[in-house]
Structure formats: C-alpha cells, structure tokens
Amino acid sequence: MGEMTRKPGEGLGVGEMNKSGEGLGGEVKSLHILDLGTGGGFPLLPLAICLPSSSFAGMDSVQKKITAVQHIVDELKLTNVRLVCGRSEELAREDTHREQYDVVLARALAPLNILLELAAPFVKTGGRLLCWKSMNIDRELQDSLLARAELSCQMEKPHEYDLGGNWGRRQILVFRKRAKTSAKYPREIGEPKKNPLL
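Residues numbered from 1 in each chain as written. Predicted model: local features only at pLDDT ≥ 70, side-chain atom pairs only at ≥ 80, totals over all residues. Heavy atoms only, no water.

Asker: Where do I start with the nonpolar core in this structure?
Answerer: Here is a general trend for soluble globular proteins: nonpolar side chains tend to be buried in one another's company. Ranked by internal contacts, the top residues of the largest apolar core, which has 31 residues, are Leu34, Val104, Phe122, Leu129, Leu151 and Phe175. Looking at this core, the elements that each hand over two or more residues are β1 (32–36), β2 (55–60), β4 (101–107), α6 (112–119), β5 (123–133) and β8 (169–177). In terms of residue count, the dominant contributor to this core is α6 (6 residues). Beyond its immediate sequence surroundings of up to four residues, Leu34 is in contact with Ala57, Met59, Tyr101, Val103, Val104, Leu105 and Phe122. (Core = buried A, V, L, I, M, F, W, Y, C linked by side-chain atoms within 4.5 Å. Buried < 20%, exposed > 50% of the residue type's maximum accessible area, 1.4 Å probe, protein only. Helix = DSSP H or I, 4+ residues; strand = E, 2+ residues; numbered from the N terminus. Contact = heavy atoms within 4.5 Å.)

Asker: Which parts of the structure should I look at to understand the environment of Ile72?
Answerer: Within the secondary structure layout, Ile72 lies in helix α4 (residues 63–76). Relative accessible area serves as the criterion here: at 14%, Ile72 is assigned to the buried category. Counting along the chain gives 27 residues from Ile72 to Leu45, while the straight-line C-alpha distance between them is 8.6 Å.

Asker: Teacher, can you tell me more about the pattern of salt bridges here?
Answerer: Scanning the model with the defined rule gives 11 salt bridges in all. Notably, a salt bridge pairs Glu99 with Lys180, separated by 2.7 Å at the nearest N-O pair. Of the two residues, Glu99 is situated in the loop between α5 (88–91) and β4 and Lys180 in the loop between β8 and α9 (191–194); the sequence distance between them amounts to 81 residues. Glu99 sits in the buried class, given a relative accessible area of 13%. (Salt bridge = Lys/Arg side-chain N within 4 Å of Asp/Glu carboxyl O.)

Asker: I tried to follow unusual backbone geometry on my own but got confused; where do I start?
Answerer: Peptide bonds are, in most cases, trans, and in most cases residues other than glycine have a negative phi. Put simply, Phe42 and Pro43 share a cis peptide bond, and its omega is 10 degrees. Along the polypeptide, Pro43 turns up in the loop between β1 and α3 (44–50). Of note, Glu99 is a non-glycine position whose phi angle comes to about 50 degrees, a positive value. Positive phi values are uncommon outside glycine, yet Ser152 reaches one of about 55 degrees. With respect to the secondary-structure elements, Ser152 resides in the loop between α8 (145–150) and β6 (153–155).

Asker: Got a minute to help me understand α6 in this structure?
Answerer: In an α-helix, one full turn covers 3.6 residues, which means residues spaced three or four apart are oriented alike. Judged by how many residues are buried, α6 sits mostly within the fold: 8 of 8 residues are covered. Every buried residue of α6 is accounted for by Leu112, Asn113, Ile114, Leu115, Leu116, Glu117, Leu118 and Ala119.

Asker: For this particular structure, what's the right way to read the environment of Val62?
Answerer: If you trace the backbone, Val62 turns up in the loop between β2 and α4. Separated by 24 residues in the primary sequence, Val62 and Gly86 place their C-alpha atoms 7.4 Å from one another.

Asker: Is there a simple way to think about the pairing of strand β3 (residues 81–85) in this case?
Answerer: Looking along a regular strand, one sees side chains alternate from face to face of the sheet. Pairing of β2 with β3, which is carried by 5 bridges, proceeds in the parallel orientation. Residue Asp60 lies in a different strand from β3, and its bridge partner there is Cys85. Since β2 and β3 lie parallel, the crossover through α4 that links them has a hand, and here it is right-handed. (Pairing = 2+ DSSP bridges. Right-handed = clockwise from strand over helix to strand, strands pointing away.)

Asker: Quick question: what am I supposed to make of the confidence of the model for the protein chain here?
Answerer: Any residue range with low pLDDT should be treated as having predicted coordinates unsuitable for detailed reading. This prediction gives the protein chain a mean pLDDT of 88; 86% of its residues lie at or above 70. Contacts of residues 1–20 to residues separated by more than four positions or lying in other chains number 43 contacts, the stretch itself having pLDDT below 50. (pLDDT = per-residue confidence, 0-100.)

Asker: So what exactly am I meant to see when it comes to the pairing of β2 here?
Answerer: Summarising burial for β2: 5 of the 6 residues are buried, a large majority. Two elements, β1 and β2, share 5 bridges in a ladder whose sense is parallel. Counted as the bridge partner of Leu34 is Ala57 from β2. Assessed by its sense of winding, the connection that carries the chain from β1 through α3 to β2 is right-handed.

See below:
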C-alpha cells in the first residue's frame, strides 16, 4: 500500500490525490479511463472509488505489481476496475485498447517525448492524456514539441497544485488528442526510449 501513496523521489500525498480528477473535462460522466504504468495503483484506485460510474483499466508490464493491485481491488470489491499486464508498445496495437479510452493517466513513466508515443495511441480522438510532472520541465516541454505535433496532442492549460508540508508544488499536464494516431506508432518495444521523437 505504501507505493500507492508515494514512490521514491516523489511527494505523493493528500494534495495530489485531491487533485487527481482535474483535467477530465467538464462534468465527470461515465468515462473509460486507463492508468498507464499503474505501479502500486495510484491514481487508479482513488479515482475508481471516487468515480464509480466510470470504468478503469490499470496497465503495467510487471506482473508482480498487477497481482498486488488486483488483491487491493478484490479487497475493496471494486467492480469498475480491470488490470492488464503487458508492454504498452504491444497492447496499444490491440483493437481492445487502441484508441479506446476517453482519458489516459500517466505518472512518473517517462520524459514527455517518449511518454506521448507510448500513451497517445490508447486515447480516443478528442480524448485527454493527463501527465503528472514536476514544475521545472522547460527543457522537457521543448523536447516534446515534435512528438506533440507527430501524435496530434495539443497541450491545454496545466493544473498546478500544492502537495502540502515541504513537498512543494507539482502539475498535471493535459493534452487533447486532435486526430487518430498514425499506424506507425508506437514503434517496436524499446525503440521509443532508444530513439525518442526529437
């Protein structure tokens, strides 16, 4: 359960949890939401509890993490959560996942130019991608310009929040997907990280 509230190097706490729902777009209705790289189940589990009318998928490449989160899901009797183990480069090419989600969530997964290639193929046209980031990422934003253009991800106003205590401020970057993802993305396993879009 510790990983759900905090990962090493990140100040995850009540402040972030309270802001997790921001950026979903207007009044929250029944949405199909993917938590990409769900790890210990944050923000997947808090959002699934808060938004019972929406359906959630938690995806991670590590079976041990998926098994641990499944145990929590079973204990909490959450009927709106399903878990999937696999690599995003492969799962994003399956019809059951490609461009099937209204919202995709990604926290501490990769730099933006890599993350957008891994995440955008899951998002429906018109849907949103929410990325948890620190405040000082000017270079990362600059490096993501080609990826944003190539993957039709338009950046909207970010949501800034205070974690409280000595954790400081963080932000959730919001991207709106404007068009279908080209069939060439994502590239083969390891390629987005080895040769990111720059």
